[in-house]
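Here is what each chain is made of, one letter per residue.
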Amino acid sequence: MTPMRLPAESKGDIVNHINQGEEDREAHLAGYTVTEVYQMYKPGDDAPMGERTVTTTYIRGKGKTYVEQSRYGSFLAQKAFDRILKGEETLSKPENRKAALLNSDNYSMVLVDEGKDPQPSYICNGDRPLTKTRVLEIKPRHPGPELVEGFLWVDVQNYRIVRIRGKFSESPSFWVGRPVIERDYTEGNGFAMAISSCSVSNTWFTGKHTVQITYKDYQYLH
């Protein structure tokens, strides 16, 4: 795909709004709790081979902690979930968050012409976001397993992030290679908050599988 580079003012306005949204969330989101459901699927299966439900608490300046609510299924899937949760906990620490933000410090961003929007994905919810969006091609400015090379969708009304899709720039410790990831967001307490995430790749334990995460029942701290 060859993106069409739009006028600098148009790109600059959108990127500035994205930067401001990330800055506002970091400064003003005191914390939250959310229920996260982790599921791992074998190719072609409708039922997960393993599932885990946790209650996650995020507190600004401290990071994430998890309380397990339930688990079932494959021992190998549970080992993969352990590694994913450990990775998320590490990335949520104050010393690591800055390098993972979706802003122009960490990414180069180029607007993509509306006639050349990337096609819907096969791994998660294949439909485009219901809201009218603009699409940016994003590339990490520095290496890091938490950064994604791909595309970013933002709402044209408020410039909140509604979807990101691509490949991790580096392989996280629980994956083999660079997995494809797709994450959708919704508005919550004035900020972009994740509602679903899907990743497809190989794990050291289970081979090629899909991991799906669902986020629900956000409660915001004040």
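Residues numbered from 1 in each chain as written. Predicted model: local features only at pLDDT ≥ 70, side-chain atom pairs only at ≥ 80, totals over all residues. Heavy atoms only, no water.

K.L.:
Kindly report on the overall build of the protein, identifying the contributing residues and their values.
P.N.:
A tally of regular secondary structure across the protein gives three helices and ten strands. Of the regular secondary structure in the protein, the N- to C-terminal order runs α-β-β-β-α-α-β-β-β-β-β-β-β. Looking at the protein as a whole, 46% of its 222 residues are labelled buried. Residue pairs in contact within the protein that sit at least 24 positions apart in sequence constitute 56% of those at least 6 positions apart. Here the protein displays about 11200 Å² of accessible surface, and carbon together with sulfur accounts for 49% of that area. (Helix = DSSP H or I, 4+ residues; strand = E, 2+ residues; numbered from the N terminus. Buried < 20%, exposed > 50% of the residue type's maximum accessible area, 1.4 Å probe, protein only. Contact = heavy atoms within 4.5 Å. Areas by Shrake-Rupley, 256 points an atom, 1.4 Å probe, with all protein chains shown as cover.)

K.L.:
Which residues make up the pairing of strand β2 (residues 50–59), and what values do they have?
P.N.:
Burial runs high along β2: seven of the ten residues are buried. Relative to strand β3 (residues 63–73), β2 runs antiparallel, the two being bridged by ten bridges. By the bridge assignment, isoleucine 59 is partnered in β3 with glycine 63. (Pairing = 2+ DSSP bridges.)

K.L.:
Lay out the packing of aromatic side chains with the relevant residues and their values.
P.N.:
The tally for this structure, following the rule as stated, stands at four aromatic pairs. Ring geometry for tyrosine 32 against tyrosine 58: centres 5.5 Å apart, planes inclined by 35°, an arrangement best described as tilted. Taken together, the residues tyrosine 32 in strand β1 (residues 31–41) and tyrosine 58 in strand β2 connect sequence positions 26 residues apart. Relative accessible area serves as the criterion here: at 10%, tyrosine 32 is assigned to the buried category. Judged by relative accessible area, which is 4%, tyrosine 58 ranks as buried. Through a chain of ring-to-ring contacts, the aromatic side chains of Tyr32, Tyr58, Tyr218 and Tyr220 assemble into a single cluster. The aromatic ring of tryptophan 153 is capped on one face by arginine 163, whose charged end is 5.8 Å from the ring centroid. (Phe/Tyr/Trp six-rings, centres within 6.5 Å; stacked < 30°, edge-to-face > 60°. Lys NZ or Arg CZ within 6 Å of the ring centre and 35° of its normal.)

K.L.:
Describe the side chain of threonine 56, and please don't skip the residues or the numbers.
P.N.:
Mapped onto the secondary structure, threonine 56 falls in strand β2. Overall, threonine 56 belongs to the buried group, its relative accessible area being 0%. Of note is the side chain of threonine 56, whose polar atom sits 3.2 Å from the side chain of glutamate 36. Excluding its chain neighbours within four sequence positions, the residues that come into contact with threonine 56 are Tyr32, Thr33, Val34, Glu36, Lys64, Thr65 and Tyr66. (Polar contact = N/O pair within 3.5 Å; in protein donor to acceptor, adjacent residues only side chain to side chain.)

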